[in-house]
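What the coordinates show
This is what each chain is made of:
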Amino acid sequence: MNIFSIIQKEWLLLWHDKASLIIIFVMPMCLVLILTILEASNPRDVRQLSVLLINPNTSILGKAIDKGLKKIDHLKIKNITKDKKISEKEARTSIAEGAHQALIIVSKKSPVKITMIFDPAIPKALESTVVLPIKLLVKNVQLAISKGTVKKISRLTRQRIPVTNKKVTLYTTYASQQEKLIKPKDAQQIVPAWTLFGMFLIIIPLGSIIIKERDLGILQRLYVTPSYKFTFLFGRVIAFGIVNLIQWALMFALGLYILPLFNITGFSIAGHLLPLFVVASAIAFAATGFGILIGSWSRTFEQATAIGPILIVIGAAIGGIFAPVYAMPESLRAIAEYSPLHWGQNAFLEILVRNSDFEAIIPDLSKLIIFGAVCISLALLKPFISQKFSALLKR
Amino acid sequence: MKENQIIIKIKNLVKRYPKTEKPALNGIDFDVFQGEFFGLLGPNGSGKTTLISILCGLLHPSSGDAEIYGHSIKNKSQKIRQIIGLVPQDIALYPTLTLRQNLHFFAKLYHIPRKVINERIDKYLEVAQLTDNADQLVKGFSGGMKRRANLIAGMLHEPKIIFLDEPTVGVDTISRYVLFATLKNFNKEGKTLIYTTHYLEEAQKLCSRIGIIKEGNIVTHGSPQELVTRTEGAKDLADVFIKVAGIDLRKEE
Ligand SMILES: Nc1ncnc2c1ncn2[C@@H]1O[C@H](COP(=O)(O)OP(=O)(O)O)[C@@H](O)[C@H]1O
Ligand SMILES: [Mg+2]
């Protein structure tokens, strides 16, 4: 298959372009390292979260939550279910004031509703250290139920154990409305942000390969072969898509395994590998498509290597890569919606920080894929568009 | 195959580039026969590259058509692509890859079977006398070496017809000699060559038939000898050129 030869050729070309390799692999990793270390030297260290628990639920799930939470080292649980001195309202106030970091309320009846109320001042990463274990607990209990263990027991004992096998809803809110003002950066945001930035920088080597192929006349040589034009495009998307995924894997590995060596432990992917991979693939498609667009529409090599990175930096700035979107003024926040880097970052954060379901990232995924497809189409249509355009100018 | 079989039939080809007044090709009409070494001789800008690009299927003609082995070039058949080869005017190789990597890649695109691919590459490296340079990056090559590399990259798949667009521009004597020998050999094997140049002596030495192209028209064609005898008062091809095309190619250098 010559698609493999095409992929191999692209990789060889990239391999010989050492400057680009440094830009897309080494630079983003250094930036993450420096930025997270800077961030960490800014003490916002919380060793143990103090968590209030109101759990009047006596079902298997309710009990499992009681037990499970106690086992988590970094959470200091105070069960106030039967405490007459603290009402729910007072508990909420104490969270807002920062006396405790979170309040967990489990509904008494099924369908079970678990509400988690956080101090808005704590980093997102810390929130996920509460949300994730609870999600996991719920999942485990549901799994056990669905496997029928519980049903069997009920049958044997001829007793209905109140199982909450259907719906468990999780809510996350904040104890005050200032949520948007104070959302500190941490590794959980920095790592995906610069991963995205690095992935989009792939347009530099990609654009320059496309321009060289055109300027040196190699394109003609390719197009007289009996290989379909489509194969060249397809091979290129695959080749650079894979490079993008390698970047993603390395960056996340840096977050998971290297940052802890520097005592930075905020980064965790908590079993979300598959959705993260899907997001990374969508970003890879968008970035590769954008590179192909830049490469085919730039007149010169210089144009591509100047305009490309400038566009990426602008996209990063408005997209919440350098500073989180919530830290931006309202006016800028509106434009962020138009940056592909923002879609990517948002999708990453949905998974890493907000622990959302797959459904929550579908809009961002779709935007990224449509963006990539539009870029590639514009690149393919270039001969027709520029011809139409020049005909218009002539008239 | 018969000696006089027409393999390329060019029928009133016209090419107008967008935004230009004069057509680059203005009704080209001629045939190429099996086994010919056909020279397309003309000054810069006369339309040689345009004609070759159309015949290779890289450009669409504005009107007219051409047939290669009876297939219209407008169909862009994969079969035809397999039996034609192009040596472009530019050094169309990846400068940052080695020559072998380049050749391997292009050979793959021509679906040369895995078993013979290395053998084939070695054979042509030998032909171009580049065996010792095979694993060096192309960007480090001299002009002549690049030309030789460019040549063999277009003939690895051993096509029946090869289009060569000014393959000897900026080449030292040794390389020129290697190139000529390679082309002559190829022709002897029964391959058809269509060769553009603006060097007179080259055309005279190599070609069995010459077409003179000027401003997008083939003004005359025939064997070098025929052209000289047919043109009144011409002693050699240069005279023919001055008389027929009104251009002194010797001054163009
Ligand atoms: N892409 C193009 N756009 C517009 N005009 C072109 C283009 N390519 C070639 N031409 C014009 O067509 C004519 C023939 O060019 P070309 O075929 O390259 O000539 P040659 O190869 O004989 O030097 C020239 O006048 C040239 O300026
Ligand atoms: Mg030319």
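Residues numbered from 1 in each chain as written. Chains lettered and ligands numbered in written order. Predicted model: local features only at pLDDT ≥ 70, side-chain atom pairs only at ≥ 80, totals over all residues. Heavy atoms only, no water.

Quick look at the coordination of the magnesium ion (ligand 2) now. Residues and elements named next belong to chain B. Binding of the magnesium ion (ligand 2) to the protein goes through Thr49 (OG1) and Gln89 (OE1), at separations of 1.9 to 2.3 Å. Of the two residues, Thr49 is situated in helix H1 (residues 48–55) and Gln89 in the loop between strand E6 (84–87) and helix H3 (99–109); the sequence distance between them amounts to 40 residues. Take Gln89: its relative accessible area is 30%, and that puts it in the partly exposed class. (Donors = N, O, S within 2.8 Å, 3.2 Å for Na, K, Ca; no water. Helix = DSSP H or I, 4+ residues; strand = E, 2+ residues; numbered from the N terminus. Buried < 20%, exposed > 50% of the residue type's maximum accessible area, 1.4 Å probe, protein only.)

Attention now goes to the state of the cysteines. In protein structure, a disulfide is the covalent linkage between the sulfur atoms of two cysteines. All names here are of chain B. On inspection of all chains with the given rule, the structure shows 0 disulfides over all chains. You can see Cys56 has no disulfide; the closest cysteine sulfur is in Cys207, sitting 17 Å from it. For Cys56, a relative accessible area of 3% gives the class buried. Take Cys207: its relative accessible area is 6%, and that puts it in the buried class. (Disulfide = S-S within 2.5 Å.)

With that out of the way, let us pick up the site of ligand 1. Residue and element names in this part refer to chain B. Close to ligand 1 lie Tyr17, Thr20, Ala24, Pro43, Asn44, Gly45, Ser46, Gly47, Lys48, Thr49 and Thr50, which account for all nearby residues. With respect to ligand 1, the backbone of Lys48 contributes an N or O atom lying 2.9 Å from an oxygen atom. For ligand 1, whose free accessible area comes to 560 Å², the fraction covered by protein is 58%. Partitioned by chemical class, the residues of the shell around ligand 1 number 3 nonpolar, 7 polar and 1 charged. (Near = heavy atom within 4 Å. Polar contact = N/O pair within 3.5 Å; in protein donor to acceptor, adjacent residues only side chain to side chain. Areas by Shrake-Rupley, 256 points an atom, 1.4 Å probe, with all protein chains shown as cover. Nonpolar A, V, L, I, M, F, W, Y, C, P; charged D, E, K, R; others polar.)

Quick look at the environment of Ala334 of chain A now. Residues and elements named next belong to chain A. Positionally, Ala334 belongs in helix H13 (residues 330–336). A residue is classified by how much of its surface remains accessible, and Ala334, at 48% relative accessible area, is partly exposed. Expressed as a C-alpha distance, the spacing of Ala334 and Phe384, which sit 50 residues apart in the sequence, is 34 Å.

Residue and element names in this part refer to chain B. The residue Lys19 is not glycine, and still its phi comes out positive at about 70°. Counting through the fold element by element, Lys19 comes out in the loop between strand E1 (6–15) and strand E2 (25–33). The class of Lys19 is exposed, set by a relative accessible area of 61%.

A separate point is the sheet that holds E6 of chain B. All names here are of chain B. Across the sheet, which stays open at both edges, the 6 strands sit in the order E6-E7-E8-E3-E9-E10 with mixed pairing between neighbours. Edge positions in the sheet fall to E6 and strand E10 (217–222), since each has one partner strand and no second. Geometrically, the sheet is characterised by an average inter-axis angle of 15° between neighbouring strands, direction not taken into account. As paired strands, strand E3 (residues 37–41) and strand E8 (residues 192–197) are joined by 5 bridges and run parallel to one another. Counterpart to Phe37 in the pairing with E8 is Leu193. Each of E3, strand E9 (209–214) and E10 is contacted by helix H9 (residues 237–245), which is oriented at about 35° to E9, the strand it contacts most. (Pairing = 2+ DSSP bridges. Axes fitted to C-alpha atoms, helices over the stretch in contact; angles between N-to-C directions. Contact = heavy atoms within 4.5 Å.)

Our focus in this paragraph is the pattern of salt bridges. Enumeration according to the criterion identifies 17 salt bridges over all chains in this entry. Across the pair Arg100 of chain B and Asp122 of chain B runs a salt bridge, and its minimum N-O distance is 3.1 Å. Of this pair, Arg100 of chain B sits in helix H3 while Asp122 of chain B sits in helix H4 (residues 114–127); the two residues are 22 residues apart in sequence, bridging distant segments of the chain. Close ionic contact of Lys123 of chain B with Glu158 of chain B constitutes a salt bridge, the shortest N to O distance being 2.7 Å. In this pair, Lys123 of chain B is assigned in helix H4 and Glu158 of chain B in the loop between helix H5 (143–153) and strand E7 (161–165), connecting sequence segments 35 residues apart. A residue is classified by how much of its surface remains accessible, and Lys123 of chain B, at 40% relative accessible area, is partly exposed. The network of salt bridges with shared partners includes Lys9, Glu10, Glu213 and Arg236 of chain A. (Salt bridge = Lys/Arg side-chain N within 4 Å of Asp/Glu carboxyl O.)

So, about the packing of helix H11 (residues 273–297) of chain A against helix H15 (residues 358–380) of chain A. All names here are of chain A. Between H11 and H15, the shortest axis-to-axis distance is 8 Å and the interhelical angle comes to 20°. Here H15 runs roughly parallel to H11, going by the angle between their axes. Pair H11 / H15 crosses with left-handed handedness. Residue composition of the contact of H11 with H15, by class: 22 nonpolar, 3 polar and no charged. (Parallel < 35°, antiparallel > 145°, perpendicular 65-115°, else oblique. Left-handed = near helix turned anticlockwise from the far one by under 90°.)

Residues and elements named next belong to chain B. A rise of 1.5 Å per residue sets the reference length of helix H6 (residues 173–188), with its 16 residues, at 22 Å; its end C-alpha atoms lie 22 Å apart and thus fit the reference within 8%. On the buried face of H6, the contacting elements are E3, H4, H5, E7, E8 and helix H7 (200–206). Immediately beyond the C-terminal end of H6, within one or two residues, lies Gly190, with a positive phi of roughly 100°. (Expected span 1.5 Å × (residues − 1).)

Attention now goes to the interface of chain B and chain A. If you look at the interface, chain B gives 28 residues, while chain A gives 23 residues. Summing the contributions of chain B and of chain A, the shared interface buries around 2600 Å²; its carbon and sulfur component is 65%. Where chain B packs against chain A, one counts 0 salt bridges. Summed over the shared surface of chain B and chain A, the number is 9 residue pairs in polar contact (both at pLDDT 80 or more). Of the residues contributing to the side of chain B that touches chain A, the split by class is 17 nonpolar, 7 polar and 4 charged. (Buried area = accessible area lost by both parts, 1.4 Å probe.)

All names here are of chain A. Look at helix H7 (residues 187–200) against helix H14 (residues 340–352): their axes get within 10 Å of each other, and the N-to-C directions meet at 145°. The chirality of how H7 crosses H14 is right-handed. In contact with Gln188, Gln189, Pro192, Ala193, Leu196, Phe197 and Phe200 of H7, H14 contributes Pro340, Leu341, Gly344, Gln345, Phe348, Leu349 and Leu352. When the residues that make up the contact of H7 with H14 are grouped by side-chain class, the tally is 10 nonpolar, 4 polar and no charged.

What follows covers the pairing of E8 of chain B. Residues and elements named next belong to chain B. Of all 6 residues in E8, 6 are buried, a share of seventy percent or more. Summarising the sheet, E7 and E8 pair through 5 bridges and their orientation is parallel. What sits directly across from Ile162, in E8, is Leu193. Handedness of the crossover joining E7 and E8 through H6: right-handed. (Right-handed = clockwise from strand over helix to strand, strands pointing away.)

Residues and elements named next belong to chain A. In terms of burial, strand E4 (residues 112–118) is a largely internal element, 6 of the 7 residues being buried. Bridge analysis of strand E3 (residues 102–106) against E4 gives 5 bridges, and the strand direction is antiparallel. From the neighbouring strand, Ile104 faces E4, where its bridge partner is Met116. Connecting E3 to the next strand, E4, in antiparallel fashion are 5 residues. As judged from the 7 bridges shared by E4 and strand E5 (residues 168–174), these two strands associate in the parallel manner. Bridging from a neighbouring strand, Met116 pairs with Thr172 of E5.

As a further point, take the confidence of the model for chain B. Close inspection of predicted coordinates is inappropriate in any region flagged by low pLDDT. For chain B, the mean per-residue pLDDT works out to 90, and 96% of the residues sit at or above 70. Confidence estimates for the predicted assembly give a pTM of 0.77 and an ipTM of 0.91. (pLDDT = per-residue confidence, 0-100.)

Moving on to the packing of aromatic side chains. Residues and elements named next belong to chain A. Summed over all chains, the structure comprises 17 aromatic pairs over all chains. Between the aromatic rings of Tyr223 and Phe232, the centroid separation amounts to 6.1 Å while the plane-to-plane angle is 50°, which identifies the pairing as tilted. Consider the rings of Phe252 and Phe348, whose centres lie 5.3 Å apart with planes at 45°: the pair is tilted. One end of the pair, Phe252, is in helix H10 (residues 229–258); the other, Phe348, is in helix H14, with 96 residues separating them in the sequence. Judged by its relative accessible area of 4%, Phe252 falls in the buried class. Note on Phe348: relative accessible area 0%, which makes it buried. (Phe/Tyr/Trp six-rings, centres within 6.5 Å; stacked < 30°, edge-to-face > 60°.)

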